[in-house]
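The residues making up each chain are set out below.
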Amino acid sequence: MNHRIGFFIGRVERRECATIFLSAWLCCAATAQQRLSETVHNLAVSGPGRVHAQSEQQICLFCHAPHNTAGVRPLWNRTASTASYLIYQSSTLNALPGQPNGSSKLCLSCHDGTIALGSVLNRPDQIRMSGGDFMPAGLTNLGTDLSDDHPISFQYTQGLATQDGQLVNPGLLPPPIRLDSSSQVQCTSCHDAHNNSHGSFLVMDNAYSGLCVACHSMNGWTGGAHRTSAASTAGATGVSFPFATVGENACRSCHRPHTAGGHARLNIFDVDEDNCLDCHNGSVARTNIRAQLDKFSAHDPRRYAQLHDPTEAANVPPAHVECADCHNPHAVFNEPAAPGYTQIGNTLRRSRGVTASGSAIQEAQYEYEVCLRCHGDTVVSVSGRIGRHSDVPNLRMRFANTNASFHPVFASVVGNETISLIPGMPHGSMIRCTDCHNNDQGRR
């Protein structure tokens, strides 16, 4: 009799312990703007998502349990995936991500789609689900190919920030963004599974890419056109944006942190120029660039595929032209209508170039330096080109101010014997390539 009473009391104590544990967890979650029970991470029968349990009423046990867990913090109630993952790779990546570990491995026990959502350690049988036993197809099912997702499981250190040059000192990260005990970036650096007050379980509001720029400090971004634009994204047809304007979407106007089309740069679309022309086709941006590319003569990036890389040599081999060869999307400013000579336009800010002497330069100071990337020492075949008496294709040599006669592109002509074809243009003036070569709606 005493033995049976002791057994009964033990059962009651264990149940009360579990109840206290779960109640405390839910209490903490309830302090958020949206209760955990009201989010899709509630996989119990009461869950609001399209996938939830057929009859199981407990919420927390799909991830946590007070007893019989895997021995992994925080009281993890699921088996870790044994999958081998394809990890993110990029020519511009300085970090060294490896196979997912830490809290990211826990997240992937649901989000890689290889383990049933109802497969928990403290139940002998798998919990049956309505809407499918596994993570359904879509953006939340990352699969085992993580090459199209933001890198995880790498150390974010001051050394990495210094090497990269466009990362924030990890000691200056805002409190919501957390590195793990090994100073590694994990899923939990950007996501809080218990709090969906900012949407997508983000740790902070990402309007104007507040979350992105907390780590990424892109050169020229502050005050740039893509950072400040009030243009509505409603006209874009290729993608659904989370916010109403280009400025509010900011990084999300071109990039997607998960299941990106263009893996290496996490671009929304795989084809580079599609990320630009989805807005610069008259539907969002003021200027319809696509219409200009459809004209008889144009620098048309649609003629090239998979040739451009941000780390390529300044003198471009093989010859190609992508939007990013001439424009830095993180640093472009709106082009004001200004009279007179301007060294380089705002749409070419912080773009790479080649100087008049043939040296590569990281940030072009003159417009012609951007043009010389292809029209200098790199031989570019131009269809329909008119033959000249001095048929030298290298424009860097043809415009050299050491020649007996030259257009004032690299330097001004000082003498008075040169008569300008443009009325009122004073001696000593300089011109830009686009003063003669431009579209019929371009700058005069």
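The structure reproduced in this document is the subject of the present report. Keep in mind it's a predicted model, so treat the numbers as computed, not measured. (Residues numbered from 1 in each chain as written. Predicted model: local features only at pLDDT ≥ 70, side-chain atom pairs only at ≥ 80, totals over all residues. Heavy atoms only, no water.)

Things to note about the packing of aromatic side chains
Right, on to step 1. Inspection of the entire model under this criterion finds 3 aromatic pairs.
Right, on to step 2. Residues Y366 and Y368 carry aromatic rings whose centres are separated by 5.3 Å and whose planes lie at 25 degrees to one another, so their mutual orientation is stacked.
Right, on to step 3. Ring centres of Y368 and F410 lie 4.5 Å apart, and the angle between their planes is 40 degrees; on these two criteria the pair is classed as tilted. Placement of the pair is Y368 in helix α10 (residues 367–375) and F410 in the segment after α11 (395–398), with a sequence separation of 42 residues.
Right, on to step 4. Residue Y368 is classed as buried on the basis of its relative accessible area of 8%.
Right, on to step 5. Among the residues examined, F410 registers a relative accessible area of 13% and is labelled buried.
Right, on to step 6. Among the aromatic residues, ring-to-ring pairing joins Y366, Y368, F399 and F410 into one connected group.
Right, on to step 7. Above the ring of F333, the side-chain terminus of R349 is found at 4.1 Å from the ring centroid. (Phe/Tyr/Trp six-rings, centres within 6.5 Å; stacked < 30°, edge-to-face > 60°. Helix = DSSP H or I, 4+ residues; strand = E, 2+ residues; numbered from the N terminus. Buried < 20%, exposed > 50% of the residue type's maximum accessible area, 1.4 Å probe, protein only. Lys NZ or Arg CZ within 6 Å of the ring centre and 35° of its normal.)

Quick look at the state of the cysteines
Structurally, a disulfide amounts to a covalent bond that connects the sulfur atoms of two cysteines.
Right, on to step 1. Inspection of the entire model under this criterion finds 0 disulfides.
Right, on to step 2. Of all cysteine sulfurs, the one in C323 lies closest to C276, which takes part in no disulfide; the gap is 3.8 Å.
Right, on to step 3. The exposure class assigned to C276 is partly exposed, which follows from its relative accessible area of 28%.
Right, on to step 4. Free cysteine: C374, not disulfide-bonded; nearest cysteine sulfur from C326 at 6.9 Å.
Right, on to step 5. Residue classification places C374 among the buried positions, given a relative accessible area of 18%. (Disulfide = S-S within 2.5 Å.)

Examining unusual backbone geometry
Right, on to step 1. Cis peptide bonds are those with omega within 30 degrees of zero, and the linkage from R73 to P74 qualifies with 0 degrees.
Right, on to step 2. Mapped onto the elements of the fold, P74 is located in the loop between β1 (52–53) and α2 (102–111).
Right, on to step 3. A positive phi angle, near 50 degrees, is found at L75, a position not held by glycine.
Right, on to step 4. Tracing the sequence through the fold places L75 in the loop between β1 and α2.
Right, on to step 5. Of note, the phi angle at A250 is positive, near 50 degrees, even though the residue is not glycine.

Examining the nonpolar core
Right, on to step 1. One finds F154, Y156, L160, L173, I177 and L211 to be the most contacted residues of the largest nonpolar core, which totals 16 residues.
Right, on to step 2. Leave out the neighbours within four places in its chain, and F154 touches A95, L96, P97, L160, S183, Q184 and V185.
Right, on to step 3. The next biggest cluster of nonpolar side chains, apart from the first, holds 13 residues, and it includes I59, L117, M129 and M135. (Core = buried A, V, L, I, M, F, W, Y, C linked by side-chain atoms within 4.5 Å. Contact = heavy atoms within 4.5 Å.)

Description of the environment of V321
Right, on to step 1. Mapped onto the elements of the fold, V321 is located in the loop between α8 (289–293) and α9 (323–326).
Right, on to step 2. Residue V321 is classed as buried on the basis of its relative accessible area, which comes to 12%.
Right, on to step 3. The sequence separation of V321 and A305 amounts to 16 residues, and the corresponding C-alpha distance is 9.6 Å.
Right, on to step 4. Here V321 is in contact with H299, D300, P301 and Y304, once residues within four sequence places are set aside.

Section: the pattern of salt bridges
Between side chains of opposite charge, a pair can form as their charged atoms come close.
Right, on to step 1. Counting across every chain of the model gives 11 salt bridges.
Right, on to step 2. Of the charged contacts, one joins R302 and D300 as a salt bridge, the two residues approaching to 2.9 Å between their closest N and O atoms.
Right, on to step 3. On the accessibility criterion, D300 (8% relative accessible area) is buried.
Right, on to step 4. Bridged by salt links that share partners, the residues D294, D300 and R302 form one connected network. (Salt bridge = Lys/Arg side-chain N within 4 Å of Asp/Glu carboxyl O.)

Observations regarding the side chain of Q184
Right, on to step 1. Looking at the element boundaries, Q184 is found in strand β4 (residues 184–185).
Right, on to step 2. A polar atom in the side chain of Q184 sits 3.2 Å from the side chain of Q186.
Right, on to step 3. Not counting chain neighbours up to four residues away, the residues in contact with Q184 comprise N101, S153, F154, Q155, L179 and S189. (Polar contact = N/O pair within 3.5 Å; in protein donor to acceptor, adjacent residues only side chain to side chain.)

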